[in-house]
Amino acid sequence: MPHINLPPEIPGIGAAFAFRPEAARPMRDLAHVLLFESGNEGLSSRDRELIATYVSSKNETQFCKLSHGAAAAHHKGGSQELVAAVWSNPDAAPIPDKLKALLAIAGRVQSDPKTVTADLVETARNYGATDLEIHDTVLIAAAFCMYNRYVDGLATWQPSNEEMYVSMGKQLAEKGYRQPSTSTNQHVL
Amino acid sequence: MPHIALPNLPGIRGPMAFRPETSKPLNELVEVLLRGPSTLTPGERELIATYVSSQNNCHYCQSIHGAIAAAQLDGALDANEELVRNVKRDFLNATISPKLKALLAIAGKVQQDGKKVTNADVEAARNEGATDLEIHDTVLIAAAFCMYNRYVDGLATWQPHDETLYRERGKMVAKNGYVAANLTNTVNSTEFTQPAELAVK
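What counts and how
Residues numbered from 1 in each chain as written. Chains lettered and ligands numbered in written order. Predicted model: local features only at pLDDT ≥ 70, side-chain atom pairs only at ≥ 80, totals over all residues. Contact = placed C-beta atoms within 7 Å. Helix = DSSP H or I, 4+ residues; strand = E, 2+ residues; numbered from the N terminus. Nonpolar A, V, L, I, M, F, W, Y, C, P; charged D, E, K, R; others polar. Axes fitted to C-alpha atoms, helices over the stretch in contact; angles between N-to-C directions. Parallel < 35°, antiparallel > 145°, perpendicular 65-115°, else oblique. pLDDT = per-residue confidence, 0-100.

A. Inspection of the interface of chain A and chain B at higher detail. Residue-level contacts link 36 residues of chain A with 35 residues of chain B. Secondary structure elements with two or more residues in the side of chain A that touches chain B: α2 (21–36), α7 (118–126) and α8 (131–153) of chain A. Top element by residues in the side of chain A that touches chain B is α8(A). It accounts for 16 residues. Here the side of chain A that touches chain B is composed, by residue class, of 24 nonpolar, 5 polar and 7 charged.

B. Region of the structure containing the packing of helix α1 (residues 12–19) of chain A against α8(A). All names here are of chain A. Running from N to C, α1 and α8 point in directions that differ by 85°, and their axes come no closer than 9 Å. In terms of axis orientation, α1 runs roughly perpendicular to α8. Here G12, I13 and A16 of α1 lie close against α8, whose contacting residues are Y147, Y150 and V151. Of the residues contributing to the contact of α1 with α8, the split by class is 5 nonpolar, 1 polar and no charged.

C. The arrangement of the confidence of the model for chain B in detail. Residues and elements named next belong to chain B. When pLDDT is averaged along chain B, the result is 93, and 92% of the positions lie at 70 or above. pLDDT under 50 marks residues 195–201. Its contacts with residues more than four places away, or in other chains, come to 6 contacts. The ipTM value of the predicted complex is 0.95, and its pTM value is 0.95.

As structure tokens, this is what we get:
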């Protein structure tokens, strides 16, 4: 049960967003820019969602891991098998070397950002990563250390309903983050 | 040296100037959480931000938010700076309200792992008079600073160690807020910039 009186019918972060719309707006905007809107500049939205779901899996936040995994799977070039491969070991996943190098940076940001070394950044650059892509990788990883703690710290409802996540992933991949997911909640923020 | 070519500004201000599209929501979020309408004072909320940043060992964030807290709390600046140091070192023995101590305990759990927050932690805060909104905002402030701290450290930003720089900037942010302060985060800013000999070549 959530630690505070959140709307009971809304899963995960949506319930917290409904409780505090003033904070929800910039949090939605940030996700929209990082994961959706910037998907045509360098890193694709699929790659950005893979970073988000990888960090969420390392933080063991089921709701974020599954919803962003479903979004990555829905994007062009994504699949649930690919997402599962990234969760278990990015180095062995069928993804480009550049994305592997960026996921290595994201993993360090999640555990301790001071362990992001110049060598790791150099490796990403050698595979073609730009400063903007490295910046966005660090910020996506950092932002999911926020979203994950928000979802877990309030003990939000995190259902294990596979269909729900698939439909949420479709909505996020197609429409982005500015609006509440209509597939899971009719609640108007 | 920063991992990427950032404008010559300290801490989070470098990446904020580098990427205005993301700095906008980042500043709006911190403005809502630390300065928006709330039953917690801005000084109390800055103490939560400072404490979490010190637990994350982020020099820039704990220094600037400590300075903003000191500028906003009631009383003399010297005494407030001492209080900030005490909260970072041992908040249970600092001269703050029992409610704030209970909220800082929750913030400390969120900093480690959101799943560590227990019903007993929340109940203890409620017994000291904390409302749902105050508990919510404490969790989100702590979570948000786990983001800001990682952003600042993950890019290896320039984090000066001169306390007077933070004190002056702290007074300015306390007075004008984050969204206004962000307007000074420009590539051509002359205030509070890195000495030329340390700048990225």
